[in-house]
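# Notes for the structure review
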Amino acid sequence: MEVAVDLIGEVGVAEVPVDELDASNAPEFKRDIAPVVENNTKLVLDMSRLHFVDSSGLGAILSCLRQLSAKGGDLKLCCMSKQVRAAFELVRMHRIFDIYATRDEAVRAFES
Amino acid sequence: MKERNQVLPEFENQAEALSISVIEESIRRHVKYSLAKPWSDLSTNDLLSAVAFSVRDLLAERMLETEERYRAGDLKTLSYISIEFLIGQSLTNHLHNLRVFDQYRQALRNLGASLEDLERAEGDAALGNGGLGRLAACFLDSLATLGMPAYGYGINYEYGLFKQEIDGGYQQEKPENWPAQNSPWEIWRPEEACLVPVYGNIEHALDRDGGYNPMWMGWKVLIGVPYDVLVSGYGGRTVNSLRLFSARSSLDFDMRIFNDGDYFKAVEQKIASETISKVLYPSDAVIGGRELRLVQEYFLAACAVRDTVRRFERHHDNFSEFPDKVAIQLNDTHPALAVAELMRILVDEKELAWAEAWRITQATFGFTNHTLVPEALEKWPVPLLHYVIPRHLQIIYEINGRFLERVSIALPGDPGLLKRISLIEESKPQHVLMTNLAIVGSHSVNGVSEIHTGLVKTSLAPDFYKLWPERFNNKTNGITPRRWLLKANPHLAGLVSEAIGNGWITDLHQLRKLEGCVSDPQFRDAFRKAKTANKEELARIIYDTVRVKLDPTLLFDVQVKRIHEYKRQLLNVLHIVDEYLSLIEDGRQPAVPRAHIFAGKAAPGYWKAKQIIKLIHNVGRVINNDPKARDWIKVAFLPDYRVSLAERIFPAVDLGEQISTAGMEASGTSNMKMTLNGAITIGTLDGANIEILEEVGEENIFIFGHTAPELQDMRLRHTYKPRECYERNPRIKRIADTFKTGRFCEKEPGLFTWILGDLLNENDDYFHLADLPSYLEAQEKASAAYCDGDRWTTMSILNVARVGKFSSDWVVANYAREIWNLKSVESA
């Protein structure tokens, strides 16, 4: 899958390019976002397309955060649907991510 | 009250005024548009579906009105969670409750059909084993009748309790595939499906503030798809719902995996997920699939709590108000994981502090205990919980740690106390004790009869009782008068209404007025005639089913319930054997000819219970075919005991056998159902028998046997010596020795020798021989009373007149007032 990245200042903004992120496509997502994580230290993941995420998908997103944290960077999330938010809450992942309503808010959060 | 007074009569008039032509049109419309069939091709089942859809239209309309009233009143609601709901048939129950029975009967006649035929054709929804599930169904009926905002939560088993067939006297279990997904009584609600995570592991991480943040990762997901069964209250003003969940695989939501090619693996996974709501486990069964049973219980708890939270969040966002708006009742420990699930939602998802979440949880839950039998007390191995629901196990450990810490500070100096009250049993492997979890997580713990509640306090949970005496209370079980008299026994129901009006239908205490009729010759005559008519009908059913011919003048001596050693069907058989041997060996005719009628299912893996069924059949075959016994004793076993059959049996009972070992039957409800229908109880001082004795008076019941404390004393002091009783009492010896002979097992010698061994065993926990002499004596008293027809009629009328306390309306009103703080929409 192709992960498009916009650069806003120093902040990379990538969109999750699927409606559903689960066991069937989480490995592919992980592979294809790896260069984006590699090339950015400040990354926002725009989740506006995403409607369903299972534990494999959550694992893939968590892995992005861990890679960025390991090199001193950070990952912020934005534009999460209610259903996806519920999945984050279910596993308490909403407590380790900064989650914003819009792209702008997420990007601005890096500036502050 | 003003609203009720104004609206209810108007509504009732509407219901009663529902014209027969409108009903006919509604049925025709459903035949055409719902079934898409020409009238000429209709089978009985087709017509049953069309009529059910027509009734469902009425129910749906009133359910929507009910929901609107609840919403407008912002009333506190009850979630009643039970692994079983033994609903039985629905059609005529709804017709009675909606008060349109006569109209539908006439409409069907006009259409050339018969309501009675449809009633016979309707299958039972057998989503339960016995008392616990039927209690839940009676409670839902009463909650709706009282206008209380309540939702039942259960599992939509594809296979309910097995269908029992008898082959050569042996029970055979056949699948009872009730139309779980195609029943006209169920409304599919896919848009309200719940996602239920299961399995996976905990990743120990830190949150943004550096605090410990365990994350539940790697889970699979089950989908709980709700099906609503509508529950009509009497009068039809309130219609609540019972929400039954079917387990579906997440693959239903994700067809891409199918499209990716691994079709067979996908189907395999889908089937595995859907197994969870496939089958109801019979209680007392040796369960092979422990993991499946745990997932089933968790699935129910998770779906029920999620749905309850969702309902709350529709109109509220402050969870500190949750206990003011929601009560959750756990019907036994099967849904006890709901305590951990609510804590998980509050702490993990809603980010409440632990202490506040715990306050909310305790204030929300109530727990009803239904059993003291040690092997029936649920506990789950910690490794299995860790595998299936790792986050919940963490939460249970946290609850336990905080609880034990508080107790150790409050009550120092008793080192054994913490071990006794811990939620974790320190066995290998460790187990989580579900009763302890339910008690600790609830603000109310109740037993289901006075004696049972006493034993909960003194034997089951004495340490918890010392800690929190205010939490423990009794709520003796009850039964709904609508199903168990109005619907089941139209002969008696009509007579009662004629004599005292129909207020008893919703206020069973009004039956007391019948005491004024006890000397009225006309009433007595009509009362006897009603009983005879019911006995004739049961005799017909028995003849049609098992070809045993019964004369309705016989004393109908009936024991119908699950077959279990503690319920002592064997003791009943010992009496029959005594009666028979006295007749054929001593030439002593019984004081009164009797029909001994049995029905009940044994758990498939319960060998002794199944042997007792075989014994009843063999004893019956010998006696029924012995010309010397022909006019005096008959034995009949009706196969496939179920709610609809019970409705035919109870009205015909003269003498109801409630003969469990004292201290073992939590309450029993067949004792109440029989009493309501004019049967006289022969029973031990066990369960609700004691309270029936208090209500009807000792002159109107036959009590025998040792008390629970006496038996407990014998257990502790090892003073039960059945062999001495056997050696000393020739009558007892003759009965017991029969099992050494081939008298009842000519073709299978030695088949019943195990029974003699059990009877003479000092460790017989059911104390058969201890109670046999007094049982035989009580039976003689019953025979003598039956011989005096006038006396028997008086006793029978007084049993009906004094049974009011056992109405589930009254019981539920007590739960509502003392535990749930639930108000009727009528009084809000």
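Residues numbered from 1 in each chain as written. Chains lettered and ligands numbered in written order. Predicted model: local features only at pLDDT ≥ 70, side-chain atom pairs only at ≥ 80, totals over all residues.

Within chain B one finds 34 helices and 25 strands. Here the C-alpha atoms of chain B give a radius of gyration of 27 Å, agreeing with the 28 Å that 2.2 N^0.38 yields for 828 residues. The burial tally for chain B puts 51% of its 828 residues in the buried class. Across chain B, contacts joining residues at least 24 apart in sequence account for 76% of those joining residues at least 6 apart. (Helix = DSSP H or I, 4+ residues; strand = E, 2+ residues; numbered from the N terminus. Rg over C-alpha atoms; globule rule 2.2 N^0.38 Å. Buried ≥ 20, exposed ≤ 12 C-beta atoms within 10 Å, placed from the backbone. Contact = placed C-beta atoms within 7 Å.)

Attention now moves to the sheet that holds strand β15 (residues 379-381) of chain B. All names here are of chain B. One open sheet accounts for three strands, arranged β15-β17-β16; its pairing is antiparallel. The open sheet terminates on both sides in strands that have one partner only, identified here as β15 and β16 (424-425). As paired elements, β15 and strand β17 (residues 431-433) share three bridges and run antiparallel to each other. Within the sheet, the bridge partner assigned to Trp380 lies in β17 and is Val432. (Pairing = 2+ DSSP bridges.)

Another aspect to go through is the interface of chain A and chain B. At the interface, 14 residues of chain A touch 19 residues of chain B. Among the elements of the structure, α2 (55-70) and α3 (82-90) of chain A are those that each provide at least two residues to the side of chain A that touches chain B. Residue contributions to the side of chain A that touches chain B peak at three residues, all from α2(A). Here the residues of the side of chain A that touches chain B sort into five nonpolar, three polar and six charged. (Nonpolar A, V, L, I, M, F, W, Y, C, P; charged D, E, K, R; others polar.)

Before going further, it helps to spend a moment on the nonpolar core. With 276 residues, the main nonpolar core has Phe299(B), Leu300(B), Ala338(B), Val339(B) and Leu437(B) as its most contacted residues. Two domains each put at least three residues into this core: domain 1 (74-89 + 124-161 + 175-477 + 812-820) and domain 2 (481-513 + 520-705 + 773-806) of chain B. (Core = buried A, V, L, I, M, F, W, Y, C linked by C-beta atoms within 7 Å. Domains from an automatic or database assignment.)

Residues and elements named next belong to chain A. Along the chain, Lys76 falls in strand β6 (residues 74-78). Considering only alpha carbons, one finds Lys76 and Val53, 23 residues apart in sequence, at a separation of 17 Å. Non-local contacts of Lys76, meaning those with residues more than four positions away in its chain, are made with Val44, Asp98, Tyr100, Ala106 and Ala109.

Bringing helix α33 (residues 789-801) of chain B into the picture now. When the terminal C-alpha atoms of α33(B) are compared, their 18 Å separation across 13 residues agrees well with the 18 Å that a helix rising 1.5 Å per residue should span. Among the residues making up α33(B), those that are buried are Trp792(B), Met795(B), Ser796(B), Ile797(B), Leu798(B), Asn799(B), Val800(B) and Ala801(B). (Expected span 1.5 Å × (residues − 1).)

Next up on the list: helix α23 (residues 569-586) of chain B. All names here are of chain B. Helix length check: α23 (18 residues) gives 25 Å between terminal C-alpha atoms against 26 Å at 1.5 Å per residue, within 8%. Among the residues of α23, those classed as buried are Gln569, Leu570, Leu571, Asn572, Val573, Leu574, His575, Ile576, Val577, Asp578, Glu579 and Tyr580. Positive phi appears at Gly587, one or two residues downstream of α23, with a value of about 70°.

Our next topic: the pairing of strand β4 (residues 42-46) of chain A. All names here are of chain A. Burial analysis of β4 places five of its five residues in the buried class, which makes it a mostly covered element. Of the two faces of β4, the one lined by Lys42, Val44 and Asp46 and the one lined by Leu43 and Leu45 are each fully buried. In this structure, strand β2 (residues 11-15) lies alongside β4, joined through four bridges in parallel fashion. Considered in β4, the bridge of Glu15 is made with Asp46.

Here we come to unusual backbone geometry. All names here are of chain B. In this structure, the amide linkage connecting Lys428 to the following residue, Pro429, adopts the cis form with an omega of -5°. Among the secondary structure elements, Pro429 is positioned in the loop between β16 and β17. Here the phi dihedral of Arg568 falls at roughly 60°; this positive angle occurs in a residue that is not glycine. Within the fold, Arg568 resides in the loop between β20 (555-560) and α23. The phi dihedral of Asn821 falls on the positive side, at around 55°, and the residue is not glycine. Mapped onto the elements, Asn821 comes out in the segment after α34 (808-820).

Examined against the element boundaries, Glu375(B) turns out to sit in the loop between β14 (365-368) and β15. Residues Glu375(B) and Leu118(B), spaced 257 residues apart in sequence, show a C-alpha to C-alpha distance of 42 Å.

Right, let's talk about the pairing of β20(B) for a bit. Residue and element names in this part refer to chain B. In terms of residue burial, β20 counts as a mostly covered element, since six of its six residues are buried. Across six bridges, β20 lies against strand β21 (residues 594-599) in parallel orientation. Opposite Leu555, over in β21, you have Arg594 as the bridge partner. After leaving β20, the chain enters α23 and then returns to the sheet as β21, a path that is right-handed. (Right-handed = clockwise from strand over helix to strand, strands pointing away.)

A few words on the domain arrangement of chain B. All names here are of chain B. Examined at the domain level, chain B breaks down into domain 1 (74-89 + 124-161 + 175-477 + 812-820) and domain 2 (481-513 + 520-705 + 773-806). In this structure, domain 1 and domain 2 have C-alpha centres spaced 36 Å apart. Tallying the contact residues gives 31 residues for domain 1 and 26 residues for domain 2. Looking at the side of domain 1 that touches domain 2, the elements that each hand over two or more residues are β2 (85-88), α7 (131-145) and α18 (450-460).

Moving on, we get to the environment of Ser55(A). Secondary-structure assignment places Ser55(A) in helix α2. Ser55(A) sits in the buried class, given 25 other C-beta atoms within 10 Å. Linking Ser55(A) and Ala87(A), residues 32 residues apart in sequence, is a C-alpha distance of 8.2 Å. Excluding residues that lie within four positions of it along the chain, Ser55(A) makes contacts with Gly200(B), Met217(B), Gly218(B) and Trp219(B).

Next up on the list: the packing of helix α1 (residues 26-39) of chain A against α2(A). Residue and element names in this part refer to chain A. Here α1 crosses α2 at 20°, and the two axes come no closer than 9 Å. By the criterion of interaxial angle, the relationship of α1 to α2 is roughly parallel. Between α1 and α2 the crossing geometry is right-handed. Residues Ala26, Phe29, Lys30, Ile33 and Val37 of α1 touch α2, and the partners they reach there are Ser56, Gly57, Gly59, Ala60, Ser63, Cys64, Gln67 and Leu68. Across the contact of α1 with α2, the residue classes tally to seven nonpolar, five polar and one charged. (Axes fitted to C-alpha atoms, helices over the stretch in contact; angles between N-to-C directions. Parallel < 35°, antiparallel > 145°, perpendicular 65-115°, else oblique. Left-handed = near helix turned anticlockwise from the far one by under 90°.)

On to the sheet that holds strand β22 (residues 633-638) of chain B, then. Backbone-to-backbone hydrogen bonds pair the strands of a sheet. The strands run either parallel or antiparallel. Residue and element names in this part refer to chain B. Strand order across the open sheet formed by six strands is β22-β21-β20-β23-β24-β25, with parallel pairing between neighbours. At either margin of the open sheet sits one strand with a lone partner, and together these are β22 and β25 (702-703). Note that β21 and β22 share six bridges and pair parallel. When the bridges of β22 are listed, Arg594 appears paired with Ile633. Taken strand by strand, helix α24 (residues 607-624) contacts β21 and β22, and its axis lies near 145° from that of β22.

Right, let's get into the confidence of the model for chain B. Counting all residues, the mean pLDDT for chain B is 93, and 94% of those residues have values of 70 or more. As a predicted assembly, this complex carries a pTM of 0.94 together with an ipTM value of 0.90. (pLDDT = per-residue confidence, 0-100.)

Let us now look at the packing of α23(B) against helix α32 (residues 768-787) of chain B. Residue and element names in this part refer to chain B. Two numbers describe how α23 lies on α32: the axes approach to 10 Å, and their chain directions differ by 55°. Taken together, α23 and α32 sit at an angle that is classed as oblique. Our pair here, α23 against α32, has a crossing hand that is right-handed. From α23, Leu570, Leu571, Leu574, His575 and Asp578 reach across to α32, where they touch His768, Asp771, Leu772, Tyr775, Leu776 and Gln779.

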